[in-house]
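Below are the chains, spelled out letter by letter.
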Amino acid sequence: MNGLNGKLALVTGGTRGIGNAIARALLDAGARVVVTGRDAAGAEKAAATLAEAGGECRGVALDVSDFNQVQEVIKGLEKDLGAFDVLVNNAGITRDDVVMRMKEEDWDAVLNTNLKGSFACAKAVIRGMMKKRGGRIINVTSIVGTMGNIGQANYVAAKAGTEGLTRTLAREYASRGITCNAVAPGFIDTDMTRAMEPAARDQLTGQIPMERFGQPEDVAGVVVFLASDAAAYVTGQVIHVNGGMLM
Ligand code: NAI
């Protein structure tokens, strides 16, 4: 499949996990891809590994929670490469605890990375997309944004907030040919979920009709669809990818 030939995509947090699989799938579909990570060495290494398997990939350091850095780095990339066609807001962190014990700094860190980071990146790419009269913004949210989850008030609030951001971006820029959608993964086998206790993983697997955690590629395929011409009339939607855990 090479439906994204010539398109330029930015994937935040593309150094591992779901973001890395999204970058791989976008490259396979013919896009040029920039992946970002928190440090330059990690981002460059991930990009080199991705490019080795085929495609044009660049890695840059970008802390999405730093609003000014996001504006500067994306401006610099656009100067070099041109305006982006696709933005995938994937970077995300967790700092779990029940509300009674959750520290203010853990609330702020999660909201600043997961929600404000998506706003900052979208704001930085929109002008370029408007000039091109087209673009795709795809936000990675989570099943828990709909369900709620014990111990994740900060994360759930950020993901639910990102879905509101998605619908607003969709309405603000639809007439300019820019779509904005969210992909809400269920439980996916990555470093983020490998940090869980085995008993908690088993208990969750029992709630998934497909009886397994998803793979990063299960999410990446939906992102490629949303970035492609096939999804030209899809905007403001949240597409759940969860093995049937939430229906
Ligand atoms: P991960 O922990 O394996 O990877 C997260 C990526 O985000 C890493 O590349 C990391 O460097 C990057 N990142 C973190 N903070 C950053 C910052 N301030 N600036 C730039 N990059 C930053 O996580 P995973 O599982 O691949 O998650 C990716 C996305 O999918 C996240 O938004 C997460 O919330 C979401 N998600 C994951 C699920 C899962 O079960 N693994 C389920 C639902 C959603």
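All figures in this text were calculated on a predicted structure; none of them were measured in a lab.

Participant: What should I look at first to understand the pairing of strand E5 (residues 135-140) in this one?
Facilitator: Look at any regular strand and the pattern is simple: side chains alternate between the two faces of the sheet. Buried residues dominate E5, accounting for six of its six residues. Of the two faces of E5, the one holding Gly135, Ile137 and Asn139 and the one holding Arg136, Ile138 and Val140 are both buried throughout. Direction of pairing for strand E4 (residues 86-89) relative to E5: parallel, over a ladder of four bridges. Along E5, the bridge assignment pairs Leu87 with Ile137. Assessed by its sense of winding, the connection that carries the chain from E4 through helix H4 (residues 104-132) to E5 is right-handed.

Participant: Sorry if this is basic, but what is going on with the sheet that holds strand E3 (residues 57-61) here?
Facilitator: Strand pairs in the sheet, formed through backbone hydrogen bonds, run parallel or antiparallel to each other. Pairing in this open sheet of seven strands is parallel, and the strands run E3-E2-E1-E4-E5-E6-E7 from one edge to the other. The open sheet is flanked by E3 and strand E7 (238-241), the only strands paired with a single partner. Put simply, the sheet's adjacent strands are angled 20° from each other on average, direction ignored. As judged from the three bridges shared by strand E1 (residues 8-11) and E4, these two strands associate in the parallel manner. In the sheet register, Ala9 faces E4, and the bridge partner there is Val86.

Participant: Please clarify how the site of the ligand should be interpreted in this entry.
Facilitator: Around the ligand, a shell composed of 27 residues is seen, among which Thr15, Arg16, Asn90, Tyr155 and Thr190 lie nearest. For the ligand, an oxygen atom lies 2.5 Å from a polar atom in the side chain of Tyr155. Here an oxygen atom of the ligand sits 2.5 Å away from a polar atom, N or O, in the side chain of Thr190. Protein contacts shield 96% of the accessible area of the ligand, which totals 830 Å² for the unbound molecule. At three residues, the largest contribution of residues to the shell around the ligand is made by helix H7 (residues 191-194). Looking at side-chain class alone, the shell around the ligand contains 11 nonpolar, 11 polar and five charged residues.

Participant: Explain the layout of surface pockets to me, please; I cannot follow it from the model alone.
Facilitator: Sizing a probe to match a water molecule and rolling it over the atoms shows the empty space that remains. Approximately 420 Å³ is the volume attributed to the second largest pocket. Around the second largest pocket, the lining is made up of 19 residues, and of these Ala122, Lys123, Ala124, Ile126 and Arg127 lie nearest the centre. At the level of secondary structure, the elements contributing two or more residues to the lining of the second largest pocket comprise helix H3 (67-81), H4 and helix H6 (153-173). Top element by residues in the lining of the second largest pocket is H4. It accounts for nine residues. Tallied by class, residues from the lining of the second largest pocket come to nine nonpolar, three polar and seven charged.

Participant: What should I look at first to understand the pattern of salt bridges in this one?
Facilitator: When charged atoms on two side chains of opposite charge get close, those side chains can pair. For the structure on display, the rule yields nine salt bridges. Salt-bridge contacts for Asp28 lead to Arg24; the nearest nitrogen and oxygen are separated by 2.9 Å. In this pair, Asp28 and Arg24 both sit in helix H1 (residues 17-28), four residues apart, roughly one turn of the helix. Since its relative accessible area comes to 48%, Asp28 is described here as partly exposed. The partner of Arg212 in a salt bridge is Asp218, and the shortest N-O contact between them spans 3.1 Å.

Participant: Where do I start with the side chain of Asn154 in this structure?
Facilitator: Here Asn154 lies in helix H6. Since its relative accessible area comes to 0%, Asn154 is described here as buried. In this structure Asn154 touches Arg95, Met102, Asp106, Trp107, Val110 and Leu111, once residues within four positions along its chain are discounted.

What counts, and at which threshold
- Each chain carries its own residue numbering, running from 1 in the written order of its sequence.
- Local features in this predicted model are restricted to residues of pLDDT 70 or higher, and side-chain atom pairs are both shown and tallied only at a pLDDT of 80 or more, whereas totals for entire chains, interfaces and linings draw on every residue.
- Water and hydrogen atoms were dropped before computing side-chain values, which therefore reflect all heavy atoms in the structure.
- Burial classification: accessible surface area is computed with a 1.4 Å probe over protein chains only, and a residue below 20% of its type maximum counts as buried, one above 50% as exposed, and the rest as partly exposed.
- In DSSP terms, a helix is any run of H or I states spanning at least four residues, a strand is any run of E spanning at least two, and both are numbered starting from the N terminus.
- Strands are treated as partners if at least two bridges between them are detected by DSSP.
- With its strands directed away from the observer, a crossover is right-handed exactly when the path from the first strand over the helix to the second travels clockwise.
- Throughout, an axis means a line fitted to C-alpha atoms (over the contacting stretch in the case of helices), and angles, computed between N-to-C directions, take values from 0 to 180 degrees.
- Near, as used in this document, describes a residue that has one of its heavy atoms within 4 Å of the molecule or strand being considered.
- Here a polar contact is recorded for every N or O atom pair within 3.5 Å, except that within protein the pair must consist of a potential hydrogen donor and a potential acceptor, and residues adjacent in sequence are included only if both atoms are side-chain atoms.
- Only the protein chains shown count as cover for residues, and the accessible areas themselves come from Shrake-Rupley with a 1.4 Å probe.
- Residue polarity follows a fixed list, in which Ala, Val, Leu, Ile, Met, Phe, Trp, Tyr, Cys and Pro are nonpolar, Asp, Glu, Lys and Arg are charged, and the others, Gly among them, are polar.
- The rule is simple: put a 1 Å grid over the protein atoms alone, call a set of points where a 1.4 Å probe fits but cannot get out a cavity, call an open set with protein on both sides within 12 Å along at least five of seven lines a pocket, and count a residue as lining if it has an atom within 4 Å of a point.
- Grid points are joined across faces, edges and corners, and a volume is the space filled by probe spheres set on the points.
- Definition used for salt bridges: Asp or Glu carboxyl oxygen within 4 Å of a side-chain nitrogen of Lys or Arg.
- By the convention used here, residues are in contact when the closest approach between their heavy atoms is within 4.5 Å.

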